[in-house]
Amino acid sequence: MGRIKLFIPLIIFVVLAAILYWGLGRDPNAMPSALISRPVPTFQLPALEQLESTEDDNLMVAEQAEILDESLFLGQVSLLNVWATWCVSCRVEHPYLMDIAETGVRIIGLNYKDEVGAAQQWLAKYGDPYAHTISDTTGGMGLDLGVFGAPETYLVDHLGVIHYKHVGVVDDRVWRTTLQPKYQQLRDALDEQKNDS
Amino acid sequence: MTVEAYQSFALHSIQRLVIKRSLVCLRASLLLLSLLCLPAWSVIEVDRLSSPELSARYQQLVAEYRCPKCQNQNLAESNSPISIDLRTEIRRLLEEGASDAQISDYLVARYGEFVLYRPRVQASTYLLWLAPAVLLLLGFLVVVFIIRRQKRATSTAQAALSGAEQAALQALLSDVENQQNKSKNSNKAEVE
């Protein structure tokens, strides 16, 4: 008994060290989305490309603009990418989004709390990887999605259900190791379903 | 020691005392100032609400939610855009007559349990809520155990000491007796 007692501090140390070591490797900023396995929140917002920005850039002529809603996600697997021109990391991410869009991945843009004119210029200048761009100037949809900073990328299936959320820049490593496998899985499932019917 | 030297020594020590005192004063006033600064954040945006009751609830609520972007600050302390948005949203909900529970549900639905600085009591947070009580109980048990062992050790030590003493005493006594007997026998032998 006396012998075993001598080892108690060592055991406590080893357990504590193991827990702390495990904690070291974890990203303290990683926060699971509250919307995983839930549908994209309902929204009714204009498409960015059809808005006309006026000189003061805050008012826009929205009468003719196409109104997008959550049915946008039905039928196809998509990525929902939250971006803004004030977001430096979005500029870093942009060329890579162009690349994956070229390979046939459907990306929906959510232009978050941005100026319409600046956003349109951005797409004209750097290219437009988005199948559609939702213009969320007030950040209302961002709030419903639980966005807390751009860029953020959501993986949405053909029923409009959110499957995964990535916070931060999507680069080659992120795409290949986490996003693409999940995306491919959803695509394959959808293709199978189509073949069956 | 000349009078001049004595005077300069006295002056010097008075100076030192004054400096020391003023340092203490400075420290005390700095401490006081820092204490005064603490509640400064709680005044934020309160005047934008329509009634003092709502302001009070608002102050309480923004202190209980965590900023999703800057995770070691609550909504009241943080000035990140998302915190400003969430504060605006909480004010809007308060003005619309939402209850505290509804506001909590609203935020949790969007940002997860993560934003709660006071987590809900449920299966995943039992450990969090019960750990302090369990640890306290454990500490109490350890203290009781140590005290009881010490008591037992001292009482048995006393008993053992007297037992050993008695044994030693017996041994000594029997030794003495033996020797006496021996010497008696040898005396007898010599006589015979």
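Cut-offs used in this document
Residues numbered from 1 in each chain as written. Chains lettered and ligands numbered in written order. Predicted model: local features only at pLDDT ≥ 70, side-chain atom pairs only at ≥ 80, totals over all residues. Heavy atoms only, no water. Helix = DSSP H or I, 4+ residues; strand = E, 2+ residues; numbered from the N terminus. Buried < 20%, exposed > 50% of the residue type's maximum accessible area, 1.4 Å probe, protein only. Contact = heavy atoms within 4.5 Å. Areas by Shrake-Rupley, 256 points an atom, 1.4 Å probe, with all protein chains shown as cover. Patch = residues over 30% accessible without salt bridge, like charges linked within 9 Å, V, L, I, M, F, W, Y side chains within 5 Å. Salt bridge = Lys/Arg side-chain N within 4 Å of Asp/Glu carboxyl O. Lys, Arg positive; Asp, Glu negative; His and termini not counted. Charge placed at Lys NZ, Arg CZ, Asp CG, Glu CD. pLDDT = per-residue confidence, 0-100. Pairing = 2+ DSSP bridges. Axes fitted to C-alpha atoms, helices over the stretch in contact; angles between N-to-C directions. Disulfide = S-S within 2.5 Å. Buried area = accessible area lost by both parts, 1.4 Å probe. Polar contact = N/O pair within 3.5 Å; in protein donor to acceptor, adjacent residues only side chain to side chain. Nonpolar A, V, L, I, M, F, W, Y, C, P; charged D, E, K, R; others polar. Core = buried A, V, L, I, M, F, W, Y, C linked by side-chain atoms within 4.5 Å. Right-handed = clockwise from strand over helix to strand, strands pointing away.

**Structural notes on the overall build of chain B**
Reasoning step 1: When you go through chain B residue by residue, the secondary structure sums to five helices and zero strands.
Reasoning step 2: Secondary structure of chain B in N-to-C order comes out as α-α-α-α-α.
Reasoning step 3: Counting only residues that meet the buried cut, chain B has 21% of its 192 residues in that class.
Reasoning step 4: Across chain B, the fraction of contacts at a sequence separation of at least 24, relative to all contacts at a separation of at least 6, is 46%.
Reasoning step 5: With the model as given, the accessible surface of chain B reaches about 14600 Å², and the carbon-plus-sulfur share is 65%.

**Quick notes on a positive patch on the surface**
Reasoning step 1: On the surface, A:K5, B:R148, B:R149 and B:R152 cluster together into a positively charged patch.
Reasoning step 2: Ranked by residue count, the leading element in the positive patch is helix 5 (residues 126-191) of chain B, at three residues.

**Re the confidence of the model for chain B**
Reasoning step 1: Summarising the model, chain B shows a mean pLDDT of 81, and 82% of its residues fall at 70 or more.
Reasoning step 2: The secondary-structure element of chain B with the lowest mean pLDDT is helix 1 (residues 3-37) of chain B, recorded at 71, while helix 4 (residues 100-111) of chain B shows the highest, at 91.

**What about the sheet that holds strand 5 (residues 78-83) of chain A?**
Residue and element names in this part refer to chain A.
Reasoning step 1: Judged by pairing direction, the sheet is mixed, and its five strands sit side by side in the order 7-6-5-8-9 without closing on themselves. On the outer flanks of this sheet lie strand 7 (132-136) and strand 9 (162-167), each paired with one strand and no other. Averaged over all adjacent pairs, the angle separating strand axes in this sheet is 20 degrees, with direction ignored.
Reasoning step 2: Helix-sheet contacts for helix 3 (residues 88-102) involve strand 5, strand 6 (106-112) and strand 8 (152-156), and the interaxial angle to strand 5 is about 160 degrees.

**A few points about the state of the cysteines**
Residue and element names in this part refer to chain A.
Reasoning step 1: Summed over all chains, the structure comprises one disulfide over all chains.
Reasoning step 2: The disulfide partner of C87 is C90, and the gap between their sulfur atoms is 2.2 Å. What sets the handedness of the C87 and C90 disulfide is the S-S torsion sign, and at about 90 degrees it is right-handed.

**Looking at the interface of chain A and chain B**
Reasoning step 1: Contacts between the two partners involve 17 residues from chain A and, on the opposite side, 16 residues from chain B.
Reasoning step 2: Across the chain A to chain B interface the summed buried area is about 1300 Å²; carbon plus sulfur atoms make up 52%.
Reasoning step 3: Considering only the side of chain A, the residues that lose the most area to chain B are A:M31, A:L143 and A:F148, jointly responsible for 46% of the buried surface there.
Reasoning step 4: For the pair chain A and chain B, the number of links is two salt bridges.
Reasoning step 5: At the surface where chain A touches chain B, the tally comes to three residue pairs in polar contact (both at pLDDT 80 or more).
Reasoning step 6: Here the side of chain A that touches chain B gets four residues from one element, more than from any other, and that element is helix 5 (residues 140-145) of chain A.
Reasoning step 7: In the side of chain A that touches chain B, the residues fall into nine nonpolar, four polar and four charged.

**Looking at the nonpolar core**
Reasoning step 1: A:L80, A:I134, A:M141, A:W175, B:I90 and B:I103 are the most contacted members of the largest nonpolar core, which has 73 residues in total.
Reasoning step 2: Not counting residues up to four positions away in its chain, the partners in contact with B:I90 are B:Y58, B:L61, B:V62, B:Y65, B:L75, B:I103 and B:L107.

**Considering the pairing of strand 6 of chain A**
All names here are of chain A.
Reasoning step 1: Across the seven residues of strand 6, seven count as buried, placing the element largely inside the fold.
Reasoning step 2: What you see with strand 6 is no split at all: R106, I108, L110 and Y112 on one side and I107, G109 and N111 on the other are buried throughout.
Reasoning step 3: When strand 5 meets strand 6, the two strands line up parallel, connected through six bridges. Considered in strand 6, the bridge of L80 is made with I108.
Reasoning step 4: One crossover worth recording links strand 5 to the parallel strand 6 by way of helix 3, and it is right-handed.
Reasoning step 5: Between strand 6 and its parallel partner strand 7, the chain crosses via helix 4 (residues 116-126), and the hand of that crossover is right-handed.

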